[in-house]
Amino acid sequence: MAHVGNGATAEEEDCFEDAYDRIPAACQMDLQTAIQETQCALNLVLNNKFSEALDLLKPWWKDSMYHALGYSSILVMQATMTFEHRDIQTAMATIKEALHTCQRFRKKNSMVGSLSSLISKQSNLQEEEMHAEICYAECLLQKATLTFVQDENMISFIKGGIKIRTSYQIYKDCQNVMNVTQNLAGQSDAFKQFEGGVKLGIGSFNLMLSLLPQRILRLLEFIGFSGNRDFGLSQLREGASSQSLRSILSALTLLFYHTYVSLILGTGEGNLVEAEALLEPYQHKYPKGSIILFYSARIATLRGNFEKARARYEECISSQQEWKQIHHLCYWELMWTHSYQQEWQQAYRYADLLCKESRWSKAIYVYQKAAILSMMSEEEVKKTGEDIVELFRQVEGLKQRLAGKSIPTEKFAVRKSRRYKAANLIPLVVPALEMMYVWNGFTIVGKSADSTEALLVTIEAAEERLRNDPSPSEFHPDDSCLVQMLKGLCLKHLGRLLQAELCFTQVLSSESRIRYDHYLIPFTLYELGLLYKQQGDFTKATTYIENAKTNYKDYSMESRLHFRIHAALNSLKGSPVGTP
């Protein structure tokens, strides 16, 4: 059987991808065959054949480390997408079993003491031990991820941290082995596979740790963590361009970073040129693959190309029916692309679908739906048959207990919706636009001048209504500040920087009048800092952003802002200093 990608011609690879159903049942499993079967399973996943992939791995998952790793990976992916308690428990049980399977192949006296013996001539046995380390570390990482998803309290954060530490330590040891054995090993296929695993691990770790703000790092400092973003990205790039089982995983990690992480936890400067280049070969290989279609839609969204994005999301939805969760991700994205263009009826349709079908966060979906309805005329709302006040009143009861204090955005939605419990009810001003800001959507809308102009019109109308309010309520100062901040963002993206600065400073001068939405001040300081950065005034930028970081606490979505502040200060310093 041709080694995939190891000198195989393109034609051989094509026939290989369709040959997954012709693999004879093996009666014993060597490393080579295990890697090839896992590669087949991965191809199946990328071709939307999720249950077939599991069927392929199942017979051997208790006897082969690669089958165990592949099997648990698919279940973990499913659990993090559904958030269903049952799926999380199944995945957790599977990972524990997978760790046992890998453990059996690991060198008896742990890796650390035995570097020298591994480095002495590589027999097959040692090769197997090296792979066992990598698979074990990868399973530990998955276990830590699930620990967070399952229950985000401090204890599990530290327990997860300890697992992450062990995993990181193994990766560092493997990296040393790799550096020393590079010349001895020749470039056997198994060694290339090992190398791919190390690059994926070391790269993901450095990238992940470089995102963490100082205060979170301090919690983990007892375990000596540090991350270097540029080093992490370069390791993942090397991993993605290698011909190994894990090259697509390195590519997907980079894609996730450029299209989501840098937006929600960074300053919104994902590298779209790189994202497109990474995706391109896979678009040819898996033209109907839902994961690939999803990312190409997401890139179109980030380019401000909303029509193209929508067509791609629709295609992604119709490409498979087995994993409904992928549909839900598409609904979420479609809801936003319509919101960016203020097509509220269409946005409402998707928000409504999410409320009915997805288990991820009922509170956020219902809040989002009510927020979208709040942007429509009374006539339009009547046609939907929904009661906005009733919806907002439901939000608090829907807050999840399962994930501890998992979703800050839920807490935010609960707090905002309390306004609808009062007897003399004061509606929220532009709730859907506020949520758009929370998910960093203005950075995306900013790519399309027309959509930004149109948002500005809506925001200025709200500003006018507040200005002419004959009997301002207790919420009036907060509402006015919110509107000013959003107006400033639109003006900034339209290049009207002086006017934007005026909006932001107006918010800051109202600080003492704000009663509820205290988050507006630190977030505005941060936005004003970015504005000065854009104008080249780095000193002023740093001052404002540092002020947001040090002088404010206990406000909504604080940790989200701290992630963004961390990214902004790093970009102001040039590249972050860290140890690879």
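Residues numbered from 1 in each chain as written. Predicted model: local features only at pLDDT ≥ 70, side-chain atom pairs only at ≥ 80, totals over all residues. Heavy atoms only, no water.

- As annotated in an unreviewed UniProt entry, the chain carries the name Tetratricopeptide repeat protein 39B and is attributed to Seriola dumerili.
- The UniProt entry for the chain carries the following text under Sequence similarities (unreviewed entry): "Belongs to the TTC39 family." (UniProt positions renumbered as here; feature names shortened; annotations may be inferred.)

Points about the overall build of the chain
Line of reasoning, step 1. Of the regular secondary structure elements, the chain holds 29 helices and 0 strands.
Line of reasoning, step 2. Within the chain, the proportion of its 580 residues that are buried is 58%.
Line of reasoning, step 3. Long-range pairs, those at least 24 residues apart, make up 67% of the contacts in the chain with a sequence separation of at least 6.
Line of reasoning, step 4. Per element, the accessible surface of the chain, about 24,400 Å² overall, is 53% carbon and sulfur. (Helix = DSSP H or I, 4+ residues; strand = E, 2+ residues; numbered from the N terminus. Buried < 20%, exposed > 50% of the residue type's maximum accessible area, 1.4 Å probe, protein only. Contact = heavy atoms within 4.5 Å. Areas by Shrake-Rupley, 256 points an atom, 1.4 Å probe, with all protein chains shown as cover.)

Notes on the layout of surface pockets
To find leftover empty space, a probe the size of one water molecule is rolled over the atoms.
Line of reasoning, step 1. Taken as a whole, the second largest pocket spans an internal volume of roughly 640 Å³.
Line of reasoning, step 2. Forming the walls of the second largest pocket are 27 residues, and the residues nearest its centre are Ser 374, Pro 427, Leu 428, Val 429 and Arg 465.
Line of reasoning, step 3. Sorting the residues of the lining of the second largest pocket by element identifies helix 19 (378-384), helix 20 (388-395), helix 24 (449-467) and helix 25 (476-493) as the ones contributing at least two each.
Line of reasoning, step 4. Top contributing element to the lining of the second largest pocket by residue count: helix 24, with 5 residues. (1 Å grid on protein atoms, 1.4 Å probe; cavity = no way out; pocket = protein on both sides within 12 Å on 5 of 7 lines; lining within 4 Å. Points joined across faces, edges and corners; volume = space filled by probe spheres on them.)

Quick notes on helix 5 (residues 85-105)
Along an α-helix, residues three or four apart share an orientation, since each turn contains 3.6 residues.
Line of reasoning, step 1. The terminal C-alpha atoms of helix 5 lie 31 Å apart, and with 21 residues this matches the ideal 30 Å at 1.5 Å per residue to within 8%.
Line of reasoning, step 2. Every buried residue of helix 5 is listed here: Asp 87, Ile 88, Ala 91, Met 92, Thr 94, Ile 95, Ala 98, Leu 99, Thr 101 and Cys 102. (Expected span 1.5 Å × (residues − 1).)

Comments concerning the packing of aromatic side chains
Line of reasoning, step 1. Counted according to the given criterion, the structure contains 27 aromatic pairs.
Line of reasoning, step 2. Ring centres of Trp 332 and Trp 439 lie 5.2 Å apart, and the angle between their planes is 80 degrees; on these two criteria the pair is classed as edge-to-face. Here Trp 332 is found in helix 16 (residues 324-340), whereas its partner Trp 439 is found in the loop between helix 22 (431-438) and helix 23 (441-445), with 107 residues between them in sequence. The same class applies to Trp 332 and to Trp 439, which are both buried.
Line of reasoning, step 3. Here the aromatic residues Phe 306, Trp 332, Trp 336, Tyr 340, Trp 360, Tyr 365 and Trp 439 are joined through ring pairs into a cluster of three or more.
Line of reasoning, step 4. Over the face of the ring belonging to Tyr 350 we find Arg 349, whose NZ or CZ atom lies 4.9 Å from the ring centre. (Phe/Tyr/Trp six-rings, centres within 6.5 Å; stacked < 30°, edge-to-face > 60°. Lys NZ or Arg CZ within 6 Å of the ring centre and 35° of its normal.)

Description of empty space enclosed by the protein
Line of reasoning, step 1. Counted under the stated rule, the structure contains 2 cavities of 30 Å³ or more.
Line of reasoning, step 2. As for the second largest cavity, its lining consists of Tyr 437, Val 438, Tyr 519, Phe 523, Met 557, Arg 560 and Arg 564.
Line of reasoning, step 3. Those elements that place two or more of their residues in the lining of the second largest cavity are helix 22 and helix 29 (558-572).
Line of reasoning, step 4. In terms of residue class, the lining of the second largest cavity is made up of 5 nonpolar, no polar and 2 charged. (Nonpolar A, V, L, I, M, F, W, Y, C, P; charged D, E, K, R; others polar.)

Here we look at unusual backbone geometry
Line of reasoning, step 1. Non-glycine residue Asn 48 carries a positive phi angle of around 70 degrees.
Line of reasoning, step 2. Relative to the helices and strands, Asn 48 resides in the loop between helix 2 (31-46) and helix 3 (50-57).
Line of reasoning, step 3. Located in the positive-phi region is Asp 554, a residue other than glycine, with phi close to 60 degrees.
Line of reasoning, step 4. With a relative accessible area of 69%, Asp 554 lands in the exposed category.

Structural notes on the side chain of His 562
Line of reasoning, step 1. Mapped onto the elements, His 562 comes out in helix 29.
Line of reasoning, step 2. Residue classification places His 562 among the buried positions, given a relative accessible area of 5%.
Line of reasoning, step 3. Not counting residues within four places of it along the chain, the set of residues in contact with His 562 comprises Pro 213, Arg 215, Lys 549 and Tyr 555.

Observations concerning the nonpolar core
Line of reasoning, step 1. Residues Phe 194, Ile 372, Leu 433, Phe 442 and Leu 486 are the most contacted members of the largest nonpolar core, which totals 191 residues.
Line of reasoning, step 2. Per-element tally for this core: the top contributor is helix 7 (residues 124-150), with 11 residues.
Line of reasoning, step 3. Of the residues that make up this core, three or more belong to each of domain 1 (31-106 + 125-181) and domain 2 (440-579).
Line of reasoning, step 4. Those residues within four positions of Ile 372 in sequence are excluded, and the remaining contacts are Met 335, Ser 339, Trp 344, Ala 347, Tyr 348, Ala 351 and Ala 432. (Core = buried A, V, L, I, M, F, W, Y, C linked by side-chain atoms within 4.5 Å. Domains from an automatic or database assignment.)

Description of the pattern of salt bridges
Line of reasoning, step 1. Tallying each qualifying case throughout the model produces 22 salt bridges.
Line of reasoning, step 2. Arg 415 serves as the salt-bridge partner of Asp 517, at 2.9 Å between the closest nitrogen and oxygen. Residue Asp 517 is found in the loop between helix 26 (497-509) and helix 27 (520-534), and its partner Arg 415 is found in helix 21 (residues 408-417); the two are separated by 102 residues along the sequence.
Line of reasoning, step 3. Relative accessible area serves as the criterion here: at 3%, Asp 517 is assigned to the buried category.
Line of reasoning, step 4. Taking relative accessible area as the criterion, Arg 415 reaches 30% and is therefore assigned partly exposed.
Line of reasoning, step 5. A salt bridge links Arg 467 to Glu 463; the nearest nitrogen and oxygen atoms lie 3.4 Å apart. Placement of the pair is Arg 467 and Glu 463 together in helix 24, with a separation of 4 residues, close to one helical turn.
Line of reasoning, step 6. Among the residues examined, Glu 463 registers a relative accessible area of 11% and is labelled buried. (Salt bridge = Lys/Arg side-chain N within 4 Å of Asp/Glu carboxyl O.)

Section: the packing of helix 4 (residues 65-82) against helix 5
Line of reasoning, step 1. Where helix 4 contacts helix 5, the two axes come as close as 9 Å, and the packing angle between them is 160 degrees. Taken together, the axes of helix 4 and helix 5 lie roughly antiparallel to each other. Regarding helix 4 and helix 5, the two cross each other, and that crossing is left-handed. Residues Met 65, Ala 68, Tyr 71, Ser 72, Leu 75, Val 76, Ala 79 and Thr 82 of helix 4 form the contact with helix 5, whose own contacting residues are Asp 87, Ile 88, Ala 91, Thr 94, Ile 95, Ala 98, Thr 101, Cys 102 and Phe 105. (Axes fitted to C-alpha atoms, helices over the stretch in contact; angles between N-to-C directions. Parallel < 35°, antiparallel > 145°, perpendicular 65-115°, else oblique. Left-handed = near helix turned anticlockwise from the far one by under 90°.)

Section: the packing of helix 16 against helix 22
Line of reasoning, step 1. Taken N-terminus to C-terminus, the directions of helix 16 and helix 22 make an angle of 120 degrees; their axes are 11 Å apart at the nearest point. For the pair helix 16 and helix 22, the sense of crossing is left-handed. The residues of helix 22 that touch helix 16, namely those facing Trp 336, Ser 339 and Tyr 340, are Ala 432, Met 435 and Met 436.
Line of reasoning, step 2. Classifying every residue of the contact of helix 16 with helix 22 gives 5 nonpolar, 1 polar and no charged.

Side note on the environment of Gly 239
Line of reasoning, step 1. Along the polypeptide, Gly 239 turns up in helix 11 (residues 229-241).
Line of reasoning, step 2. Sequence separation of Gly 239 and Gln 193 is 46 residues, and the distance between their C-alpha atoms is 9.9 Å.
Line of reasoning, step 3. In this view, Gly 239 contacts Lys 199, Ser 247 and Ser 250; residues no more than four positions away in its chain are not counted.

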